[in-house]
Number of protein chains: 4
Amino acid sequence: MIRASIVGATGLVGECLIRALLGHPQVKLALLVSESAAGKPIGEILPPLRGECDLTTVSAAPDEIARQSDVVFTAKKGTETFAVVPGLLKGGAKVIDIGGEFRFRDAAIYEQWYKETHACKDLLKDAVYGLPELFKEEIRHAKLVGNPGCYVTSAVLALAPFAAAGLLEDDGIVVDSYSGLSGAGRQFNTKQSNLFVDIDENLRAYGIGTHKHTPEIEMGLTRAAGKAMKVTFVPHLAPLDRGILTTAFARPKKDAGLTTAKATDLLREFYTPQRAPFVRVLNAVGDVAVSNVARNNYCDIAAQVVERTGQLVVASSLDNLVKGAAGQALQNMNLMFGLDETLGLKGRSL
Amino acid sequence: MIRASIVGATGLVGECLIRALLGHPQVKLALLVSESAAGKPIGEILPPLRGECDLTTVSAAPDEIARQSDVVFTAKKGTETFAVVPGLLKGGAKVIDIGGEFRFRDAAIYEQWYKETHACKDLLKDAVYGLPELFKEEIRHAKLVGNPGCYVTSAVLALAPFAAAGLLEDDGIVVDSYSGLSGAGRQFNTKQSNLFVDIDENLRAYGIGTHKHTPEIEMGLTRAAGKAMKVTFVPHLAPLDRGILTTAFARPKKDAGLTTAKATDLLREFYTPQRAPFVRVLNAVGDVAVSNVARNNYCDIAAQVVERTGQLVVASSLDNLVKGAAGQALQNMNLMFGLDETLGLKGRSL
Amino acid sequence: MIRASIVGATGLVGECLIRALLGHPQVKLALLVSESAAGKPIGEILPPLRGECDLTTVSAAPDEIARQSDVVFTAKKGTETFAVVPGLLKGGAKVIDIGGEFRFRDAAIYEQWYKETHACKDLLKDAVYGLPELFKEEIRHAKLVGNPGCYVTSAVLALAPFAAAGLLEDDGIVVDSYSGLSGAGRQFNTKQSNLFVDIDENLRAYGIGTHKHTPEIEMGLTRAAGKAMKVTFVPHLAPLDRGILTTAFARPKKDAGLTTAKATDLLREFYTPQRAPFVRVLNAVGDVAVSNVARNNYCDIAAQVVERTGQLVVASSLDNLVKGAAGQALQNMNLMFGLDETLGLKGRSL
Amino acid sequence: MIRASIVGATGLVGECLIRALLGHPQVKLALLVSESAAGKPIGEILPPLRGECDLTTVSAAPDEIARQSDVVFTAKKGTETFAVVPGLLKGGAKVIDIGGEFRFRDAAIYEQWYKETHACKDLLKDAVYGLPELFKEEIRHAKLVGNPGCYVTSAVLALAPFAAAGLLEDDGIVVDSYSGLSGAGRQFNTKQSNLFVDIDENLRAYGIGTHKHTPEIEMGLTRAAGKAMKVTFVPHLAPLDRGILTTAFARPKKDAGLTTAKATDLLREFYTPQRAPFVRVLNAVGDVAVSNVARNNYCDIAAQVVERTGQLVVASSLDNLVKGAAGQALQNMNLMFGLDETLGLKGRSL
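Criteria and cut-off values
- Residues numbered from 1 in each chain as written.
- Chains lettered and ligands numbered in written order.
- Predicted model: local features only at pLDDT ≥ 70, side-chain atom pairs only at ≥ 80, totals over all residues.
- Heavy atoms only, no water.
- Least-squares fit on C-alpha atoms with pLDDT ≥ 70 in both.
- Contact = heavy atoms within 4.5 Å.
- Domains from an automatic or database assignment.
- Buried area = accessible area lost by both parts, 1.4 Å probe.
- Salt bridge = Lys/Arg side-chain N within 4 Å of Asp/Glu carboxyl O.
- Polar contact = N/O pair within 3.5 Å; in protein donor to acceptor, adjacent residues only side chain to side chain.
- Helix = DSSP H or I, 4+ residues; strand = E, 2+ residues; numbered from the N terminus.
- Nonpolar A, V, L, I, M, F, W, Y, C, P; charged D, E, K, R; others polar.
- Buried < 20%, exposed > 50% of the residue type's maximum accessible area, 1.4 Å probe, protein only.
- Disulfide = S-S within 2.5 Å.
- Pairing = 2+ DSSP bridges.
- Right-handed = clockwise from strand over helix to strand, strands pointing away.
- Axes fitted to C-alpha atoms, helices over the stretch in contact; angles between N-to-C directions.
- Core = buried A, V, L, I, M, F, W, Y, C linked by side-chain atoms within 4.5 Å.
- Parallel < 35°, antiparallel > 145°, perpendicular 65-115°, else oblique.
- Left-handed = near helix turned anticlockwise from the far one by under 90°.
- Expected span 1.5 Å × (residues − 1).
- Bend = angle between axes of the 7 residues up to and from the residue.
- pLDDT = per-residue confidence, 0-100.

Trainee: Would you mind going over the relation of the copies chain B and chain A in detail, with residue names and values included?
Mentor: Under the fitted operation, chain B is carried onto chain A by 0.0 Å of movement along the axis and a turn of 180°, and the coordinates agree to an RMSD of 0.0 Å. Interpreted geometrically, this transformation is the action of a two-fold axis. Comparing interface residues between copies, 100% of those in chain B also lie at the interface in chain A; the contact surface is shared.

Written out as structure tokens, the structure reads:
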């Protein structure tokens, strides 16, 4: 049994991750670390887990956590992450970081977009970007995985096959995404209200040109394409809890002769069941719906080339807490420990 | 007092229109025509109107309706519309049609996209497209107005100033829209479910490449630009009642030197208070929110040129039942009767 | 024209009240007082009002506010209310207080339930409880009105006719209410989360036995009955913005012979159009729905005596911001100034 | 492995049940029977199951279904249920019926409330009512289980301990419940609209005095109390997908000396972990929330005796599709096959 611990266990991602780990046949939940809530039964903090998990949250130093764990999921931000990851690795635990701290090899990108000094630059060269559909082999051998952002997973999975095939014009690539509020966490946000009265019956964009997932989407597509890719990324909030719907737009190269059928074939060839057991390629953009991926680890994708304009439209949808966070983290864990990628994820709702 | 009647009074648009007309200082509500519900007090059919409106729905022939009305709002579709409009006009009433039947001068476009034979082709040459921000003078002299589609109003108002200024590359123009469910009406839709359980906590696209508002958006932009414009239009459903948020994307011409500031100035110059008392140009795309336009007749618009990609992003939002239907119809009525365009619309919630 | 000002103009009730006053034919909006936001155009603070209201919020002393106002609506709490009301009255303005500070003649009740010292005890003897359906004559002559609580209005209007007729057993009266979140305001509430993620797809009770509206419901019913009445009041939160649905339960006295028909008649006789132009008595409990009263000033009520159990069930519904706050305040203003009670309220959506 | 089949597999309960069975360690899903959709892969009908379940729906006669199954879950109504259950039993399969057809021993009650002739009266004497917390031993030996109604489970679990202890006055017992829309299924309901536009931002009651769950609640409480019990049951619809919140009210007998502490103790003693592994007794009524039981098989319950009125308030919450339908059915299956009652249900989200 893999002993798995969570640092930052009491948030929305933490709850989802606890549930995922509890039901994983090869995992024993070890420590639920929370400095702020230490000493409380987890069921008091996260009432849906009453009766499901007997653990009490603890405060523990990195070396102690590492001693009791084979893998640690870190779900904190900035300095709190930097304070714990080196000790965990030193103590021999594998680490899957769900924040943004270990996604970029180039610390300068992190520092520019996250407005934060990167305190663990030396770890970046060995950190692996945890998008299994693109980087599975690297993940298998990783000790430190930077788990991708939720919007990023939806955007990169949608566009990577086309970018990799060199089919797209460079300019004018657009990622227009709508997310539910669980992506915003449970802290009150004074800049971008997440109160019910401000979200209910409302739709609005935010963070255009500044959202932290922007450079990460570009990194993913750049690696897929083998050349620099830029995107215009516009995230929005929609009145729902779970899920992201991304509608991506790109202009196919004139000579590419791309059609809906070819685009769909390309997706199917790229996302074989072996390479991508959690990507479901659908026949029609209108079949991609948040309700089909909510609480499971799938990312549904479909493409259409609009005949009158020639524009490529790719829709993708996933659950920001599952394939966009905890589920993908578990998928990465499976790979890092030589297990079937889908273990504890197929046939489950999280 | 203007005697105003409604044909098709019992739907969601009808309810909004009744409320609008009841509170208009120069209007007397004449006939509420409904073949299916004839003889019922309107408050029984539309319970929010109990105590607000004493009228009973009636069945009446066009000439009789015309005799009792100075203006008739028709909120039906296809053959039902064609059966009534000629008689209304012949009887001397002005007509504002809220369906799609009188929006296109070219009946062939209607027939292609609506899959319906146009039975009143001879009326099209005198029908005026009722988008006041673009065609105010024509509307003032119209006897028959085709009231614009809801998505169309949001899309054309967002992009027309840039199209008119010739600032955009022709290809790659994208209109990505999300709408609440009141746009779908109260009939159960077997193809595109509008049941609560299928909409709640869900987001999905529909009608890509086939939605009837596509050619109408292109018509509006083409008339604004003075040359043929094509757009890729992707409508989505979001779990809310009222409102549309459109995020439009276009690539500015390289030599246009467009910046966020210039784009915002352009919008402000185009939508002066005189020309467009119901367009509010905002400073930031993130300020455009459905909740700010719900139940009023405003369309909020903001633009941003994303520095890293050069892409133009224009957000617009309106209430599909108000500025997207009943409110705009009332605005058109005001113009057709020589009244202040904002009468009965400013300071009101519908 | 009545010069009307608002102290505490920038909250959800304030927004609703501004909209109501702007459209009132006999009112001129004078001052929008907000210490925290002073100097900002109201449209910046409340974006739906952009273009609707040119006023800028101000900071002003009570005597100055009174000098410029015939009536002042105070929408603050506790000490902030006590700091301003005496000066307003002294300066000659009439005051309609939307908080709980002037609802109880007995300061002890206020102090017990609100956990706050009452600093204006001397004003209580002349304060009038602003429920027009029960206390219209008193309101007409009032200089200071305590505007009723939202839950209270729904509960008292539902049960008062039966209490007044002496038809109910004293024990076992239950008021089970569900409210939308606008009742909770826009401040983040750490005890009772009002974040979207905690309200969406959720239902839960709160404040049983301690909610401040409990003694106010009892006061209303006690005054209606002419003898002490106690109720068990259970408020809940439901995932909607506007509206309260109250289901009240009581056991009719055995010898009362109450039936559904008699109960409905009783409601109709009690709530005549003259006495209660904003109460709509409906035929069936299932016809009472939040959607029918949202944004208008009506309270819909229906009663049923369940045959098998003999239990009386009364449903009532209103919009907590309108009939439960701003609309009722305007109704009170109309009465205090000798106007038609319905002026600026009928035919409007707020 | 238990071979389990479903008749009526394509509705909301069916989807939940398929997911539940797929993840059950001792179950092999055998046949998904659907006359209307026969021949389609289940993932086409229920898109969230794409990739999760390879089965294709079939049309099959009862004897054939029985031949391939150890247990059959029937999720149909009336004549469709009566047409299949006898053959299933005759063929040797155990049957868990999720409709209302086998809940009452007295066919007359069924016929009165369901307006349907009971065509299998002879089976009723051996049918067991499948509420494990009350009738576990009977269920263990049952061949035919009538799975309880969703509202009923919440109401009976809330009140049974008090009824069994003889603590309640007979009259004035009230069950006030709010349900999400998944309880209404996916068929358009013309009498009680389940369209998004009619449910969103709305609350309303329905079926007072006539809802089919009324006699079933009374049956459950009557069996618990050992004497006839009557309740006033008022179901409501609230704008959410999953979950029921029931607030039950009763007057304790004067001499019972019931307090909140005693009421809570009573619940804890009644619902021991052995007797009721899926009932969680909480300390405060305000802790009972739909969000804590959504998608799991728990029913959360808490009680409070309101000091000022002496009234007993009991809140209970469950997921109508899980503990109120598919989850409880699986719990019953576990008992019928001698398995741990919680197998495939603890640690899972459905």
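Trainee: Residues and numbers for the domain arrangement of chain A, please.
Mentor: Residues and elements named next belong to chain A. Domains assigned within chain A are domain 1 (2–148 + 324–336) and domain 2 (151–320). Here the C-alpha centroids of domain 1 and domain 2 sit 25 Å apart. If you look at the interface, domain 1 gives 25 residues, while domain 2 gives 32 residues. Across the interface of domain 1 and domain 2, roughly 2200 Å² is buried in total on both sides, 58% from carbon and sulfur atoms.

Trainee: Go over the interface of chain A and chain C with me, naming the residues and quoting the values.
Mentor: Facing the 17 residues of chain A at the interface are 17 residues of chain C. Of all residues in chain A, Leu195, Phe196 and Val197 of chain A bury the most surface against chain C, accounting for 46% of the area lost on that side. Linking chain A to chain C there are 2 salt bridges. The tally of links from chain A across to chain C stands at 6 residue pairs in polar contact (both at pLDDT 80 or more). A per-element tally of the side of chain A that touches chain C places helix H9 (residues 196–199) of chain A first, with 4 residues. Split by residue class, the side of chain A that touches chain C holds 9 nonpolar, 4 polar and 4 charged.

Trainee: Talk me through the environment of glycine 130 of chain D; I want residue IDs and the actual numbers.
Mentor: Residue and element names in this part refer to chain D. Mapped onto the secondary structure, glycine 130 falls in the loop between strand S5 (127–129) and helix H7 (132–140). According to the relative accessible area criterion, glycine 130 is buried, its value standing at 0%. Here the alpha-carbon distance between glycine 130 and glycine 146, two residues 16 residues apart in the chain, equals 5.6 Å. Once residues lying within four places of it in the same chain are set aside, the contact partners of glycine 130 are Ile139, Val145, Gly146, Asn147, Pro148, Gln328 and Asn332.

Trainee: Give me the lowdown on the state of the cysteines, citing residues and values where you can.
Mentor: Throughout the structure, instances matching the rule amount to 0 disulfides over all chains. Unpaired in this structure, cysteine 16 of chain B has its nearest cysteine sulfur neighbour in cysteine 150 of chain B, at a distance of 12 Å. Note on cysteine 53 of chain C: no disulfide assigned, nearest cysteine sulfur contributed by cysteine 16 of chain C at a separation of 14 Å. On the basis of relative accessibility, which here comes to 9%, the residue cysteine 53 of chain C falls in the buried class.

Trainee: Go over the environment of glutamine 68 of chain B, please, and point to the residues and values.
Mentor: Residues and elements named next belong to chain B. Secondary-structure assignment places glutamine 68 in the loop between helix H3 (62–67) and strand S3 (71–74). Relative accessible area serves as the criterion here: at 29%, glutamine 68 is assigned to the partly exposed category. When the C-alpha atoms of glutamine 68 and glycine 91 are compared, they prove to be 9.6 Å apart, with 23 residues separating the residues in sequence. If we skip the residues at most four places from it in the chain, glutamine 68 touches Arg3, Ala30 and Leu31. Side chain to side chain, glutamine 68 and glutamate 64 meet in a polar contact 2.5 Å long.

Trainee: How would you sum up the pairing of strand S2 (residues 27–33) of chain B? Please name residues and give values.
Mentor: Residue and element names in this part refer to chain B. Within S2, 6 of the 7 residues are buried, leaving the element largely enclosed by the surrounding structure. Where strand S1 (residues 2–7) meets S2, 5 bridges bridge the pair, whose relative direction is parallel. The partner of alanine 4 across the bridge, within S2, is leucine 29. The β-α-β motif built from S1, the intervening helix H1 (residues 12–22) and the parallel element S2 has right-handed crossover chirality.

Trainee: Account for the sheet that holds strand S11 (residues 279–281) of chain C, with residues named and values stated.
Mentor: Residue and element names in this part refer to chain C. The sheet built from 7 strands is open, its strands ordered S8-S9-S7-S10-S13-S12-S11 with mixed pairing. Of all the strands in the sheet, just strand S8 (204–205) and S11 have a single pairing partner and so form its edges. For strand S7 (residues 174–179) and strand S9 (residues 232–237), the ladder comprises 6 bridges, and the chain directions are parallel. By the bridge assignment for S9, valine 174 is matched with threonine 232. On top of the sheet, helix H11 (residues 260–270) reaches S11, strand S12 (299–305) and strand S13 (312–318); it is set at about 155° to S12, its chief contact.

Trainee: Tell me what's going on with the nonpolar core, and back it up with residues and numbers.
Mentor: Soluble globular proteins: nonpolar side chains tend toward being buried together. Core analysis: the biggest nonpolar cluster contains 234 residues, and Phe73 and Phe162 of chain B together with Phe162 of chain D have the highest contact counts within it. Once you skip the residues sitting within four places of it in the chain, phenylalanine 162 of chain D turns out to touch Leu167, Leu168, Leu258, Ala263, Leu266, Leu267, Ala303, Leu312 and Val314 of chain D. Listed in part, the 231 residues of the second largest apolar core include Leu258 of chain A together with Leu12, Leu266 and Cys299 of chain C.

Trainee: Run through the relation of the copies chain A and chain C, naming residues and quoting values.
Mentor: The operation relating chain A to chain C is a screw motion whose rotation component is 180°, with 0.0 Å of axial translation and a residual RMSD of 0.0 Å. A shared interface surface links the copies, since 100% of the contact residues of chain A are contact residues in chain C too.

Trainee: Describe the pattern of salt bridges, listing the residues and the values that go with them.
Mentor: Residue and element names in this part refer to chain C. Overall, the coordinates contain 80 salt bridges over all chains when judged by the stated rule. Ionic pairing is found between lysine 136 and glutamate 341, a salt bridge with its closest N-O pair at 2.9 Å. Of the two residues, lysine 136 is situated in helix H7 (residues 132–140) and glutamate 341 in the segment after helix H13 (322–336); the sequence distance between them amounts to 205 residues. Of the residues examined, lysine 136 reaches a relative accessible area of 12% and is grouped as buried.

Trainee: Pulling in residues and values, what's your account of the packing of helix H8 (residues 150–164) of chain D against helix H10 (residues 213–225) of chain D?
Mentor: Residues and elements named next belong to chain D. Their axes nearest at 9 Å, the elements H8 and H10 cross at an angle of 25°. As judged from the angle between their axes, H8 and H10 are roughly parallel. Considering how the two elements wind past one another, H8 and H10 form a crossing that is right-handed. Counted together, Cys150, Tyr151, Val152, Ala155, Val156, Leu159, Ala160, Ala163 and Ala164 of H8 and His213, Glu216, Ile217, Gly220, Leu221, Ala224 and Ala225 of H10 form the full contact between these two elements. Of the residues assigned to the contact of H8 with H10, the class counts are 13 nonpolar, 2 polar and 1 charged.

Trainee: Which residues make up helix H13 (residues 322–336) of chain A, and what values do they have?
Mentor: Residues and elements named next belong to chain A. When the terminal C-alpha atoms of H13 are compared, their 18 Å separation across 15 residues is substantially less than the 21 Å that a helix rising 1.5 Å per residue should span. The sharpest bend along H13 measures roughly 45° and falls at glutamine 328. Of all 15 residues in H13, 15 are buried, a share of seventy percent or more. Looking one or two residues beyond H13, the residue adopting positive phi is glycine 338, at roughly 70°.

Trainee: I'd love a proper account of the interface of chain B and chain A, names of residues and values included.
Mentor: Taken together, the contact between chain B and chain A spans 43 residues of the former and 43 residues of the latter. With both sides pooled, the region where chain B packs onto chain A buries about 3800 Å², and carbon together with sulfur makes up 56% of that total. Taken as a group, Glu201, Leu203 and Arg308 of chain B account for 18% of the area that chain B buries against chain A, more than any other trio of residues on that side. On the surface where chain B and chain A come into contact, there are 6 salt bridges. Between lysine 254 of chain B and aspartate 171 of chain A there is a salt bridge, and its shortest N-O distance comes to 3.7 Å. Counting the contacts that link chain B with chain A gives 20 residue pairs in polar contact (both at pLDDT 80 or more). Taken together, the elements giving at least two residues each to the side of chain B that touches chain A come down to strand S7 (174–179), strand S8 (204–205), helix H10 (213–225), strand S9 (232–237), strand S10 (244–250) and helix H12 (290–293) of chain B. The residue makeup of the side of chain B that touches chain A, split by class, is 19 nonpolar, 12 polar and 12 charged.

Trainee: Tell me about the pairing of strand S3 (residues 71–74) of chain A, residues and numbers included.
Mentor: Residues and elements named next belong to chain A. Of the two faces of S3, the one carrying Val71 and Phe73 and the one carrying Val72 and Thr74 are both buried. Two elements, strand S1 (residues 2–7) and S3, share 4 bridges in a ladder whose sense is parallel. Bridge pairing in S3 links serine 5 to valine 72. The pairing of S3 with strand S4 (residues 94–97) spans 4 bridges and is classified as parallel. Counterpart to threonine 74 in the pairing with S4 is aspartate 97.

Trainee: I'd like a rundown of the confidence of the model for chain A, residues and numbers included.
Mentor: Overall, the prediction assigns chain A a mean pLDDT of 97, with 100% of residues at 70 or greater. For this predicted complex, the interface confidence score (ipTM) comes to 0.97, while the overall pTM stands at 0.97.

Trainee: Tell me about the sheet that holds strand S4 (residues 94–97) of chain C, residues and numbers included.
Mentor: Picture the strands of a sheet paired through backbone hydrogen bonds; they go either parallel or antiparallel. Residues and elements named next belong to chain C. The strand order across the open sheet built from 6 strands is S2-S1-S3-S4-S6-S5, with neighbouring strands paired in parallel fashion. A strand with exactly one partner marks an edge of an open sheet, and here the two such strands are strand S2 (27–33) and strand S5 (127–129). Across the sheet, the mean angle from the axis of one strand to that of its neighbour is 20°, orientation sign disregarded. Pairing between S5 and strand S6 (residues 144–146): 3 bridges, direction parallel. Residue pairing across strands places tyrosine 129 opposite glycine 146, the latter belonging to S6.

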